[in-house]
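Listed here are the chains, written in short residue letters.
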Amino acid sequence: MNGERRRAIFERFRAANPAPRTELVYRTPFQLLVAVILSAQATDKSVNKATARLFADAPTPAAMLALGLDGLSRYISAIGLYNTKARNILETCRILIERHRGAVPHDRAALERLPGVGRKTANVVLNTAFGEPVIAVDTHIFRVANRTGLAVGPTPRAVEDKLTKLVPAEYRLNAHHWLILHGRYVCKARKPECPNCIIRDLCEFRDKTPAGDP
DNA sequence: AACTCGGGGCA
DNA sequence: TGCCCAGAGTT
């Protein structure tokens, strides 16, 4: 896919949704970090339901740490992998307090050192909390990039590296949210809604049937 | 790169 | 019931 076509795709997204935002509910960088840790292999809906109560009662690292393992687990027990996530989040709180003055570090290496935080979560925080033009490639974006032909690659990291180079600078800050919401609601894994797609005429996948689908 | 982890939700 | 879901960690 050439640069002109890529630009056309992002211009289409920009026109349809100028200021996209994550659907995860949070009020601070710390809460965003926790919400994204919880969202691994879980639906955003179940995460939002749990974090609404959790963030109201324990909005800071210190308050969350004070909940203890059993306390925190009760808030997030409706989320998959909650046992592991609860331990990771408490340890993350401890590290934030002891090594980062209770703040979320604006630093990729420091973020990825936190338990439960990998490249995808770190990139979401860098993009959404700190305004850096990085793209966090999750399953949605991986699928959309490969289907459309925007950035074809065998691994999320390969797709991320291509997108970082290929996405025009003026779109890079918002590209993450455009792509993830497009994957969530239109370019869905099972039944993509090509007839409702705003980049239908620019897509290399258009109207194909996903492998494994009737 | 492939495998494991591990739990709710929805068809 | 079986398979998916805003991944991370280990081998």
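Computed from a predicted structure; not experimentally measured. (Residues numbered from 1 in each chain as written. Chains lettered and ligands numbered in written order. Predicted model: local features only at pLDDT ≥ 70, side-chain atom pairs only at ≥ 80, totals over all residues. Heavy atoms only, no water.)

A. Quick look at the packing of aromatic side chains. Following the criterion strictly, the structure yields five aromatic pairs and no others. Aromatic pair F10 and Y171: ring centres 6.0 Å apart, planes at 20°, arrangement stacked. Of this pair, F10 sits in helix α1 (residues 3-16) while Y171 sits in the loop between α9 (156-166) and α10 (172-185), placing them 161 residues apart in sequence. For F10, a relative accessible area of 0% puts it in the buried group. Looking at Y171, the relative accessible area reads 6%, which means it is buried. Both rings, one in F13 and one in W178, keep their centres 6.4 Å apart while their planes meet at 20°; by these two values the pair is stacked. In this pair, F13 sits in helix α1 while W178 sits in helix α10, placing the two residues 165 residues apart along the sequence. The structure contains a cluster of three or more aromatic residues connected by ring pairs, namely F10, F13, Y171 and W178. (Phe/Tyr/Trp six-rings, centres within 6.5 Å; stacked < 30°, edge-to-face > 60°. Helix = DSSP H or I, 4+ residues; strand = E, 2+ residues; numbered from the N terminus. Buried < 20%, exposed > 50% of the residue type's maximum accessible area, 1.4 Å probe, protein only.)

B. Molecular detail of the protein's contact with DNA strand C. In the vicinity of DNA strand C lie 23 residues, with T22, T121, H140, I180 and R190 positioned nearest. When atoms of DNA strand C within 4 Å of the protein are sorted by moiety, sugar and phosphate together comprise 60%. In this structure, Q41 approaches DNA strand C through a main-chain N or O atom, which is 2.9 Å from a base oxygen. Here D138 contributes a side-chain N or O atom positioned 3.1 Å from a sugar or linking oxygen of DNA strand C. For the surface near DNA strand C, the secondary structure elements donating two or more residues are α7 (119-129), α8 (139-148) and α10. Top element by residues in the surface near DNA strand C is α7. It accounts for three residues. Residues that form the surface near DNA strand C fall into these classes: nine nonpolar, eight polar and six charged. (Near = heavy atom within 4 Å. Polar contact = N/O pair within 3.5 Å; in protein donor to acceptor, adjacent residues only side chain to side chain. Nonpolar A, V, L, I, M, F, W, Y, C, P; charged D, E, K, R; others polar.)

C. Inspection of the domain arrangement of chain A at higher detail. Split into domains, chain A comes out as domain 1 (3-20 + 134-202) and domain 2 (29-117). One C-alpha centre belongs to domain 1, the other to domain 2, and the line joining them spans 28 Å. (Domains from an automatic or database assignment.)

D. Layout of the side chain of H176. Relative to the helices and strands, H176 resides in helix α10. Residue classification places H176 among the buried residues on the basis of a relative accessible area of 3%. Once residues within four sequence positions are removed from consideration, H176 is found in contact with V124, N127, V134, I135, A136 and I141. (Contact = heavy atoms within 4.5 Å.)

E. Seen up close, the layout of surface pockets. Of the volumes computed, that of the largest pocket is approximately 740 Å³. Secondary-structure elements contributing two or more residues to the lining of the largest pocket are α2 (29-38), α7, α8 and α10. In terms of residue count, the dominant contributor to the lining of the largest pocket is α10 (six residues). Split by residue class, the lining of the largest pocket holds eleven nonpolar, eleven polar and seven charged. (1 Å grid on protein atoms, 1.4 Å probe; cavity = no way out; pocket = protein on both sides within 12 Å on 5 of 7 lines; lining within 4 Å. Points joined across faces, edges and corners; volume = space filled by probe spheres on them.)

F. Highlighting the protein's contact with DNA strand B. As a structural note, the neighbourhood of DNA strand B is formed by Q41, S77, A78, G80, L81, Y82 and T155. Considering DNA strand B, the proportion of its atoms within 4 Å of the protein that are sugar or phosphate atoms stands at 71%. Measuring from a sugar or linking oxygen of DNA strand B, one finds a backbone N or O atom of L81 at 3.4 Å. Considered class by class, the residues forming the surface near DNA strand B number three nonpolar, four polar and no charged.

G. A look at α10. In this model α10 runs 21 Å from its N-terminal to its C-terminal C-alpha over 14 residues, within 8% of the 20 Å that 1.5 Å per residue would give. Structurally, α10 contributes buried residues whose contacts are with α1, α7, α8 and α9. (Expected span 1.5 Å × (residues − 1).)

H. Structural view of the nonpolar core. L54 and M64 are the most contacted members of the largest nonpolar core, which totals 36 residues. For this core, the secondary-structure elements that each account for two or more residues are α2, α3 (44-57), α4 (61-76), α5 (82-99) and α7. Residue contributions to this core peak at eight residues, all from α2. With residues up to four places along the chain from it excluded, the contact list for M64 reads F30, V34, L54, F55, A58, L72, I89, L90 and C93. Grouped together as the second largest cluster of nonpolar side chains are 24 residues, L150, A151, I180 and V186 included. (Core = buried A, V, L, I, M, F, W, Y, C linked by side-chain atoms within 4.5 Å.)

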